[in-house]
Amino acid sequence: MVKYTCPMHPQVLKDQPGKCPLCGMALVAVGAPSASHEHGAAHDQAARASHDHTQGGFNKHAGHHTGDFLQRFWVSLVITLPILLLSHMIQQWLGFSIAFPGDKYVLLALGTVIYIYGGLPFLKGMGGEIKAKAIGMMTLVAIAISVAFIYSVAVVFGLQGMDFFWELATLIDIMLLGHWLEMRSQMAASRALQSLVALLPNDVTVERNGQAIKIKLEDLQSGETVIIKPGDKIPADGLVTEGISYINESMLTGESLPAKKEKDSKVIAGSINGDGALKVKVTAVGKDSYLNRVIGLVQEAQATKSNTQNLADKVAKWLTFIAIGIGVATFIYWFASTGDTAFALERMVTVMVTACPHALGVAIPLVVAISTTLSATNGLLIRNRSAFEATRNVSTVIFDKTGTLTKGSHMVEKVIPLASGYNADELIQYAAAVQQNSEHHIAKGIMATLKERGLALWKSENFSYMQGVGVKATVNGKDVIAVGKNYFSQHQLSLPDIPKEINQESETVTFLLIEDKVVGIITLADSIREGSGQAVEELKKMNIKSFLLTGDNEKIAAAVAGKLGMDGFLANVLPHNKQEKVKELQAKGETVAMTGDGVNDAPALAQADVGIAVGSGTDVAAETADIILVDSDPRDVVKLIVFAKSTYKKMVQNLVWAIGYNVIAIPLAAGVLYPKFILSPAMGAVLMSVSTVVVAINASFLRIKK
């Protein structure tokens, strides 16, 4: 769902458009809604049409508000010029004189216009903050310009002193420009990910009634076959049905090398085809597409405040009260010691403007916006900001074996009949029949062998999945069970003898039972994934322990863990026991990151300090995971931890800068170095804006190391 936020108060986040409760400004859309949001449920597609429609609305809204500040800045700047020329202080500094009857009233009129027109966003903001009991930076600015304006009006009508009109005008100019720069930075970070949808083509070639025809992308339906020519952009998520090619997915997954795609391979909308021609069956369009799901996840992550951001909000709130308190105290001190009301007011206004916690307000949200966008375009999808922040403290990483550290593409190694009346082909047929409704890697391996041998797939009935044990069904009127060793221990049965030719350190053993009698053994072997060893090695360099977690037996677990140089392994672990293993490590004081496929590892992912769904591919809906890694590369876990550390470092740097700036600037604004040095209100506003720009630039240097 699209979210709406206030350009001036990013903490305000609503599901519906409206006005900010703090300042009254219209809320701005911060993400592309799904196709259904824009067009109802008439079509499931419209990734492009919905995007264009949304982007138009987004830019219109964003342009209106960011443009509104820029327009107010230019108008105020034009009004500022005659105010400067008519101000006696400026005339004295530059050595010229402009005077005519009623000039002070012209100055008053111009000052009033700039106060009302240029200062309106801040005055509204103050009203909203007071109403919401959330005093903040808008209140500080509004008080400062109001005090300057009211005092200047009083001077025009007879109060002894020097008016503040030129300071008021330059102050408002700089504040408007500073807000515009801040909003522009935040909008740019939020829009970066949505620009991915622009990768989609306008037209697509589909196969209908045996003919290739070109249609608009918004007319594409799920289930249709798309023809992808060399160099074409992939228009929708799908499965390759024909052809071989290498596809560039770097803009979606961060993987620089093109990925080989052949029959049954998944492709993602927005990636770019290489030299081969492909036919792709569309599986997801519109709101169900990978791109729209990623945008949704990023919106959620950006809307979630981390512990560091909550700290920044608290500091900004207290800084506001401190600034008001110091401002009032500064006025009292200088008025009491000098008797100069104008000078005392100038010091108070300077303190309030200089102390505006703009930099604090931008310090964390901007890093959040950039980090979530940057991570998503590198295949790291952050669903939980707090968990991502906790990733920097991870001391132990638990890797699920199959599909994470290993390829998960188990292939049948041996088929051994153990009962008369059954040959190897029949065992494969029975096993395939009972496994055909399963998505497990063992089932895929057996189905692949059935296809290779050209054997018929028998029908099965009453299919049932036994979690962590195996599957069962009725085949040819017989009760057939395909299970691992856990089945026998669970039912207090003796484990059948395993032939010596089976290497239990590298082969997974599946027992086939027909009518409760063991009739054969089928073994499958898996291979260690490229990058697994490097991932474990990198974790060791970071003093992070790694453990292997698997339902396989100890020999297989020990072989894989030993080959990779891991710190240990947990074998024969059923899905419901994985959570307990995580708890045991946490009880020892470890901060645990659990990696798994997001399905049978759900309890463990939820229990871990950081739950990482690895190998989810385009399925980004792993509800129990805090972070989703699009690729199945275990090195991405290392990349994630390093990125979490660098992100936190940027947050701390910004906080230190924002707070440190105020520690130095506020005393200067109060006049501690007077008469050797004095900070004007306009210069105070410049310094405040510069501190915000420094924070924004520092956040933009955030990068993901490849």
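Here is what the cut-offs are and how they apply
- Residues numbered from 1 in each chain as written.
- Predicted model: local features only at pLDDT ≥ 70, side-chain atom pairs only at ≥ 80, totals over all residues.
- Heavy atoms only, no water.
- Axes fitted to C-alpha atoms, helices over the stretch in contact; angles between N-to-C directions.
- Helix = DSSP H or I, 4+ residues; strand = E, 2+ residues; numbered from the N terminus.
- Parallel < 35°, antiparallel > 145°, perpendicular 65-115°, else oblique.
- Contact = heavy atoms within 4.5 Å.
- Buried < 20%, exposed > 50% of the residue type's maximum accessible area, 1.4 Å probe, protein only.
- Pairing = 2+ DSSP bridges.
- Core = buried A, V, L, I, M, F, W, Y, C linked by side-chain atoms within 4.5 Å.

Looking up the protein chain in an unreviewed UniProt entry gives the name Heavy metal translocating P-type ATPase, with the organism given as Chitinophaga parva.

(A) Up close: the packing of helix 17 (residues 532–541) against helix 21 (residues 635–670). In contact at an axis separation of 7 Å, helix 17 and helix 21 are set at 30° when each is read in the N-to-C sense. In terms of orientation, helix 17 lies roughly parallel with respect to helix 21. Contacts between helix 17 and helix 21 involve Gln534, Ala535, Glu538 and Leu539 on the former and, on the latter, Arg635, Val638 and Ile641.

(B) Representation of unusual backbone geometry. Note that the residue after Tyr674, namely Pro675, is joined by a cis bond; omega there is 10°. Although it is not a glycine, Gln492 adopts a positive phi angle of roughly 50°. By secondary structure assignment, the location of Gln492 is in the loop between helix 16 (486–490) and strand 19 (507–514). With a relative accessible area of 69%, Gln492 lands in the exposed category. With phi around 55°, Asn572 is a residue other than glycine that occupies positive phi space. Note on placement: Asn572 falls in the loop between strand 22 (568–570) and helix 19 (575–587).

(C) Just the sheet that holds strand 21 (residues 545–549), in detail. A sheet is described by the order of its strands in space; here seven strands give the open sequence 13-25-24-23-14-21-22, paired in mixed fashion. A single partner strand is all that each edge strand has here, and the edge strands are strand 13 (380–382) and strand 22. Each strand of the sheet is rotated relative to its neighbour by a mean of 20°, with strand direction disregarded. Bridging between strand 14 (residues 396–400) and strand 23 (residues 592–596) involves four bridges; their strand directions are parallel. Bridging from a neighbouring strand, Ile398 pairs with Met594 of strand 23.

(D) Broad picture of the nonpolar core. If you look at the biggest cluster of nonpolar residues, it comprises 50 residues, and the most contacted ones within it are Ile83, Phe122, Ile145, Phe165, Leu168 and Met175. Per-element tally for this core: the top contributor is helix 5 (residues 137–156), with ten residues. Once residues lying within four places of it in the same chain are set aside, the contact partners of Phe122 are Met138, Val141, Ala142, Ile145, Met175, Leu176 and His179. Formed by 44 residues, the second largest nonpolar core is a distinct cluster that contains Leu405, Val560, Val614 and Ala699.

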